[in-house]
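Understanding the architecture of this molecule
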Amino acid sequence: MSRNWSLILVVAFSLGYGLKLYLDSSSEQTMTTSSAVFQGEQKTVDLFDEQDPRTRIVYFGFTHCPDVCPTSLAMLSGALKQLNAEQLAQLRPIFITLDPERDIASKAHQYAQYFHPKIEGLSAPIEITKPIAEKYGVVFRKTELPDSQLQYTIDHNSYFYLLQPNGELIAKVPHTLNPAPIVAAIEQLKTQ
């Protein structure tokens, strides 16, 4: 009987130790995705630079998007225009392309700037963008369009992600046809 207990203890210890190693390696993988370096207008940008204390408002999309992205960025612009200078100075609005094949950094930045001069446009290889997008629940996929000059589109969900400088999610605002929900989420930052 004591031999069975010894065997059970050894197996339980091994399973527990294996689980600990797995969880440790998972947290290391999370840490490596928490430092996301993108290309902005003529510069390299670390999305999670903790030296920059501004709250990020991140939107994932692409410049060839026919309707959802332009509408969303127009709503973000509308929200930013409702803020005073002090509130605006505490925010870092960012558009991140999900289509780095077509959206080089300068194109992503120019697109974002069309909507509001405070919105940064960023691009990075999909190997960098995908884990960051997935971290926040962004669902996207490339869909071929054989009979179109565009050749493909990017199907994606549409949310604004308010993030702390270290990348921690503060709030997630769904696609809206009115800037009010974005402004409300920004106003909530004061109370936190």
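Structure's up top.
Reading the values: rules and limits
Numbering of residues starts from 1 in each chain and follows the order in which that chain's sequence is written. With pLDDT at 70 or above as the cut-off, local features in this predicted model cover only qualifying residues; side-chain atom pairs require 80 or more to be listed or tallied, and sums for whole chains, interfaces and linings still use all residues. With hydrogens and water stripped out, all remaining heavy atoms of the structure feed into the side-chain values. Two strands are counted as paired when DSSP detects at least two bridges linking them. Numbering of helices and strands runs from the N terminus, with a helix taken as a DSSP run of H or I at least four residues long and a strand as a DSSP run of E at least two residues long. All axes here are fitted lines through C-alpha atoms, helices being fitted over the stretch that makes contact, and every angle between N-to-C directions spans 0 to 180 degrees. To estimate the expected span of a helix, count its residues, drop one, and scale the result by 1.5 Å. A simple rule labels every residue: compare its accessible area, found with a 1.4 Å probe on the protein chains alone, to the largest value its type can have, and call it buried under 20%, exposed over 50%, or partly exposed in between. For cavity detection a 1 Å grid was placed over the protein atoms alone, and a set of points counts as a cavity when a 1.4 Å probe fits there but cannot get out; an open set counts as a pocket when protein lies on both sides within 12 Å along at least five of seven lines, with lining residues being those that have an atom within 4 Å of a point. Grid points are joined across faces, edges and corners, and a volume is the space filled by probe spheres set on the points.

**What about the sheet that holds strand E4 (residues 91–97)?**
Pairing within the open sheet is mixed, and its 5 strands lie in the order E5-E4-E3-E8-E9. Two strands lie at the open edges of the sheet, namely strand E5 (120–122) and strand E9 (169–174), each paired on one side alone. Geometrically, the sheet is characterised by an average inter-axis angle of 25 degrees between neighbouring strands, direction not taken into account. Inspection of the sheet shows strand E8 (residues 159–163) paired to E9 by 5 bridges, in the antiparallel sense.

**What to know about helix H2 (residues 68–81)**
When the terminal C-alpha atoms of H2 are compared, their 20 Å separation across 14 residues agrees well with the 20 Å that a helix rising 1.5 Å per residue should span. Within the sequence span of H2, burial applies to Cys69, Ser72, Leu73, Met75, Leu76, Ser77, Gly78, Ala79 and Leu80.

**So, the layout of surface pockets**
Sizing a probe to match a water molecule and rolling it over the atoms shows the empty space that remains. Taken as a whole, the largest pocket spans an internal volume of roughly 260 Å³. If you go around the largest pocket, you meet 16 residues; those closest to its centre are Thr55, Gln90, Ile186, Leu189 and Lys190. Where the lining of the largest pocket is concerned, the elements lending two or more residues are helix H3 (85–89) and helix H6 (180–191). Per element, the largest residue contribution to the lining of the largest pocket is 4 residues, and it comes from H6.

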